[in-house]
Amino acid sequence: MPAITLPDGSVRSFDGPVTGTTVAEAIGPGLAKAALAMEVDGKLCDIRQTIHKDAALRFITRKDPESLELIRHDAAHVLAEAVQALYPETQVTIGPSIENGFYYDFYRSEPFSPEDFAAIEAKMHEIVAKAEPFVREVWKRDDAIRFFEDRGEKFKAELIRDLPEDEEISIYRQGEWLDLCRGPHLRTTKDVGNAFKLMKVAGAYWRGDHRNPMLTRVYGTAWRDKKELDAHLHQLEEAEKRDHRRIGKEMGLFHFQEEAVGQVFWHAKGWRLYTALQDYMRRAQTRHGYQEVRTPQLVDRALWEASGHWDKYRHHMFIATVEDENKTLALKPMNCPCHVQIFRHGLRSYRELPLRMAEFGACHRYEPSGALHGLMRVRGFTQDDAHIFCTEDQIADETVRFVKMLHAVYQDLGFEHVRVKFADRPEQRAGSDAVWDKAENALKEACAVAGVEYEHNPGEGAFYGPKLEFVLRDAIGRDWQCGTLQVDLVLPERLDASYIGEDSGKHRPVMLHRAILGSFERFLGILIEQHAGRFPLWLAPVQVVVASIVSDAAPYAEEVAAALREAGLAVEADVRNDKINAKVREHSVARVPVILVVGRREAEERTVAMRRLGTQAQESLSLEEAVTRLKNEATPPDLRKKG
RNA sequence: GCCCUUAUAGCUCAGUGGUAGAGCAACCGCCUUGUAAGCGGUAGGUCGUGGGUUCAAAUCCUACUGGGGGCACCA
């Protein structure tokens, strides 16, 4: 006699086991029509599922966010049926719903191409129109394996074989077609609707392992209605407009070319942006008690062997040799071993700890070609790297200090939302379990002291120690992992770093590896996308353009530009023989934050007409006032007078 | 590295077997101009590179290199 409790608190009793469909019909025809699935005691399931005992029930309609996931998952099934109908030799594997859509991985000797999309989409619409009910069946394991093997579906058979013994093998049918699937699903294929679109094909390794065969993955996006779909497609276009590679080209910030793959040619404007950020970081570091150092680019392999990097990362290092000398050197892929060399140069006292050693370390890594991505993933980059040599007792305090500094920097740079992840020991690692226990516990404790709340990220630590990962969210909601703090008890041991303690004995320091930006290249890529190239004044590559209206005003325009330059601003004078409309347009398109327009009147009165990017308003003010105000406004946030 | 895709003028792109095109930018001239494109003219490309098919290749095939989207990788 199940009693069904509904979200409004009301209870309905039934004489015997009932399906969700029956309950919905009992409540009313409107709900019966709208209910796509249901949640029974918090668990999402098919609406046709039978409820045997008392339960809390909530119906899922198109309005509920859960419906999107179901629509997407079902769209993947519809895609798979369509593909097998058109290309019967294709084997199916898996097809989950993902953010904004779904994908399905197929195995086929000839991979699909976007040219096949039109035919596949047409078939999908046919299947949706047929309104085939999704019917759940539970099969015996052996029957299921035999069934799929008989059909030549080796991948599916393998999946079933690998399911845990006690797992129920459920099959979903939609008309003639069926698939192994945990569910749940909508009522019929019709519920998928027509707001879907196939987006791209991509290769993906079977079970995510590069030793396995390559499958063809077809990605699609799916929404509740056409309006949502269009909004999503529009958003994709908007994101494309802020792509840092596009903006970098438009604003003349940097370029890449074949002769230096994965390395940036910074142009004058991009370099101003870069150095503005670097200057800021240098000030922040100095303020927080770091000393800056500089270490060699080319270092003998012996050091990398000692640190353990040679063993693990040799194939990702650029190796250099000299003809006349039988030596192998490597371009440094990281700075830590070099910093240890400075630390161990001469005797260190406990009085020097914590010793915070920073370097804008230029590193090179031979990243796989497929990993390269604009500024975000390059082969030559510069880290805002630092290593804190300290005692175990100082870990907590240093963590507190670092987290504070990191938040201040992110805030100055315009990022408010920061998450923390705790990455613990990976499978392949250096150091004993005892050392790892110690390092992980120390870091956890430090988090507690610093009041840092974190998510767990299992197995993702560095090979020498656990790490905190700082993830920031940008203006359009994307997450970027930038900052990191790593506790390392291994490298000081391997590279024999020591200090003399209070007891006159030798001790091992702890090394904290830390970065806030990560790499300048990547962080600038993020900054470009964050601001869509419209930087705050202190970062803008060209801060002000002084544009003359008539040639008579040209000398005054030059004078205004000179005054601003004297005040430390990046300014250009545009005295070309062109219409003011054209000049304003050109510099607006170039995202110059401030345009000062000067004509005959301004020259006579010694004023400027100020126009801000993104507005049409003009403000007339005296030259002196303009210089004072712009100089103040262009001051980096950390140098601005507070309050 | 693997799969798909792509490469034409400085930029954005059209041209799909029959003598390389447009817009913007550049350069030259005219216009002295009041807040998002004034007008006219000139110049600019061995169509990414190497092979091949063909009477004929930007166009078809093939390899390589770079770019893009994923997968794998990310000390």
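Since we're looking at a predicted model, the values are computed, not measured. (Residues numbered from 1 in each chain as written. Chains lettered and ligands numbered in written order. Predicted model: local features only at pLDDT ≥ 70, side-chain atom pairs only at ≥ 80, totals over all residues. Heavy atoms only, no water.)

A. Spatial organisation of the overall build of chain A. If you tally the helices and strands in chain A, you get 20 helices and 35 strands. On the principal axes, the C-alpha backbone points of chain A span a range of 85 × 75 × 60 Å. Within chain A, buried positions represent 50% of all 643 residues. Carbon together with sulfur atoms contributes 49% to the accessible area of chain A, which is approximately 31500 Å² in total. (Helix = DSSP H or I, 4+ residues; strand = E, 2+ residues; numbered from the N terminus. Buried < 20%, exposed > 50% of the residue type's maximum accessible area, 1.4 Å probe, protein only. Areas by Shrake-Rupley, 256 points an atom, 1.4 Å probe, with all protein chains shown as cover.)

B. Quick peek at the protein's contact with RNA strand B. Near RNA strand B there are 54 residues, and of these Glu-258, Asn-577, Lys-579, Glu-602 and Arg-611 occur at the shortest range. Counting only the atoms of RNA strand B within 4 Å of the protein, the fraction contributed by sugar and phosphate is 47%. Take Arg-585: an N or O atom from its side chain is 2.7 Å from a base nitrogen of RNA strand B. With respect to RNA strand B, the side chain of Gln-618 contributes an N or O atom lying 3.1 Å from a base oxygen. If you list the elements that add at least two residues to the surface near RNA strand B, you get β14 (196-205), β15 (214-222), α8 (244-250), α11 (309-313), α18 (580-589), α19 (600-605) and β34 (607-612). Element by element, the count of residues in the surface near RNA strand B is highest for α18, at seven residues. Grouping the constituent residues of the surface near RNA strand B by class yields 23 nonpolar, 17 polar and 14 charged. (Near = heavy atom within 4 Å. Polar contact = N/O pair within 3.5 Å; in protein donor to acceptor, adjacent residues only side chain to side chain. Nonpolar A, V, L, I, M, F, W, Y, C, P; charged D, E, K, R; others polar.)

C. Structural context of the side chain of Asp-74. Among the structural elements, Asp-74 can be located in helix α3 (residues 65-86). Here Asp-74 occupies a buried position and makes no salt bridge, while the nearest side chain of opposite charge, Arg-48, is found at 8.4 Å. Asp-74 has contacts with Phe-134, Pro-184, His-185, Leu-186 and Val-192, leaving out every residue within four places of it along the chain. (Lys, Arg positive; Asp, Glu negative; His and termini not counted. Salt bridge = Lys/Arg side-chain N within 4 Å of Asp/Glu carboxyl O. Contact = heavy atoms within 4.5 Å.)

D. Spotlight on the UniProt feature "domain: TGS" (unreviewed entry) in chain A. Those places that UniProt annotates as "domain: TGS" (unreviewed entry) correspond, in this numbering, to residues 1-61. The span residues 1-61 carries 23% helix and 39% strand; its end-to-end C-alpha distance comes to 26 Å. (UniProt positions renumbered as here; feature names shortened; annotations may be inferred.)

E. Layout of the UniProt feature "binding site: Zn(2+)" (unreviewed entry) in chain A. Look at the UniProt record and you will see "binding site: Zn(2+)" (unreviewed entry) annotated at Cys-336, His-387 and His-513. Over a stretch of 178 residues, the named residues converge on one spot in the fold, their C-alpha atoms separated by at most 7.7 Å. Of note, Cys-336 is situated in helix α12 (residues 336-343). According to the relative accessible area criterion, Cys-336 is buried, its value standing at 2%. The contact partners of Cys-336, leaving out residues within four places of it in the chain, are His-387, Leu-491, Met-511 and His-513. Summarising the element assignment, His-513 is placed in strand β30 (residues 510-519). Exposure remark for His-513: the relative accessible area of 4% places this residue in the buried category.

F. How the structure looks around the nonpolar core. Judged by nonpolar contacts, the single largest core of 62 residues is most densely connected at Val-409, Tyr-410, Phe-470, Ile-516, Leu-517 and Phe-523. Here this core gathers at least three residues from each of two domains, domain 3 (254-296 + 332-531) and domain 4 (537-639). The residues contacting Leu-517, other than those within four sequence positions of it, are Leu-277, Met-281, Asp-384, Val-409, Leu-413, Cys-482 and Phe-523. Judged by nonpolar contacts, the second largest core, of 33 residues, contains Phe-117, Tyr-172, Cys-181 and Ala-222. (Core = buried A, V, L, I, M, F, W, Y, C linked by side-chain atoms within 4.5 Å. Domains from an automatic or database assignment.)

G. Geometry of the domain arrangement of chain A. Under the domain assignment used here, chain A contains domain 1 (3-61), domain 2 (66-239), domain 3 (254-296 + 332-531) and domain 4 (537-639). If you average the C-alpha positions of domain 2 and of domain 3, the two centres end up 41 Å apart.

H. Quick peek at the environment of Ala-396. For Ala-396, the location among the structural elements is in helix α13 (residues 395-412). A relative accessible area of 21% means that Ala-396 is categorised as partly exposed. Along the sequence, Ala-396 and Ala-442 sit 46 residues apart, while their C-alpha atoms lie 7.4 Å from each other. Ignoring sequence-local partners within four residues, the contact set of Ala-396 consists of Ala-446 and Val-449.

I. Representation of the sheet that holds β34 within the structure. Strand order in this open sheet of five strands is β32-β31-β33-β34-β35, and the pairing throughout is mixed. Unpaired on one side and paired on the other, β32 (571-574) and β35 (618-622) mark the two borders of the sheet. Each neighbouring strand pair of the sheet contributes to a mean axis angle of 25 degrees, computed without reference to strand direction. Here β34 pairs with β35 via five bridges, running antiparallel. Along β35, the bridge assignment pairs Thr-607 with Ser-622. The strands touched by helix α20 (residues 623-633) are β31 (544-548), β33 (594-598), β34 and β35; relative to β35, the strand with the most contacts, the crossing angle is about 110 degrees. (Pairing = 2+ DSSP bridges. Axes fitted to C-alpha atoms, helices over the stretch in contact; angles between N-to-C directions.)

J. View of the packing of α13 against helix α14 (residues 433-450). Running from N to C, α13 and α14 cross one another at 50 degrees; their axes reach a closest spacing of 8 Å. When the axis of α13 is compared with that of α14, the two are oblique. For the element pair α13 and α14, the recorded crossing hand is right-handed. Of the residues in α14, those touching α13 at Ile-395, Ala-396, Thr-399 and Val-400 are Ala-442, Ala-446, Val-449 and Ala-450. Grouping the constituent residues of the contact of α13 with α14 by class yields seven nonpolar, one polar and no charged. (Parallel < 35°, antiparallel > 145°, perpendicular 65-115°, else oblique. Left-handed = near helix turned anticlockwise from the far one by under 90°.)

K. Examining the packing of aromatic side chains more closely. In this structure the tally under the stated criterion is 22 aromatic pairs. Centroid distance Trp-139 to Phe-147: 5.0 Å. Interplanar angle 90 degrees. Geometry classified as edge-to-face. Look at Phe-147 and you get partly exposed, because its relative accessible area is 23%. Ring centres of Phe-402 and Phe-470 lie 5.9 Å apart, and the angle between their planes is 75 degrees; on these two criteria the pair is classed as edge-to-face. You can see Phe-402 sitting in helix α13 and its partner Phe-470 sitting in strand β26 (residues 467-473), a full 68 residues away along the chain. For the residue pair Phe-402 and Phe-470, the accessibility class agrees, reading buried in each case. Here a set of aromatic residues connected by ring pairs shows up, and it is made of Phe-254, Phe-256, Trp-266, Trp-271, Tyr-274, Phe-360 and Phe-520. The lysine or arginine in question, Arg-348, covers the ring of Phe-343, its NZ or CZ lying 5.3 Å from the ring centre. (Phe/Tyr/Trp six-rings, centres within 6.5 Å; stacked < 30°, edge-to-face > 60°. Lys NZ or Arg CZ within 6 Å of the ring centre and 35° of its normal.)

L. Quick look at the side chain of Thr-90. Relative to the elements of secondary structure, Thr-90 occurs in the loop between α3 and β8 (91-92). Here the side chain of Thr-90 touches Tyr-87 through a polar contact of 2.7 Å, landing on its backbone oxygen. Sequence-distant contacts of Thr-90, defined by excluding residues within four places in its chain, comprise Val-83, Gln-84, Phe-106, Tyr-107, Arg-108, Phe-112 and Glu-153.

M. Quick peek at helix α5 (residues 141-150). All of the buried residues along α5 are Arg-141, Ala-144, Ile-145 and Phe-148. Around the axis of α5, the buried residues are gathered within 95 degrees of arc, so they sit on the same side. Exposed side of α5, more than 90 degrees from the buried face: Asp-142 and Asp-150 are the residues found there. The secondary structure elements touched by the buried residues of α5 are β11 (134-139), α6 (154-161), β12 (169-174) and β13 (177-180). (Arc of directions from axis to C-beta.)

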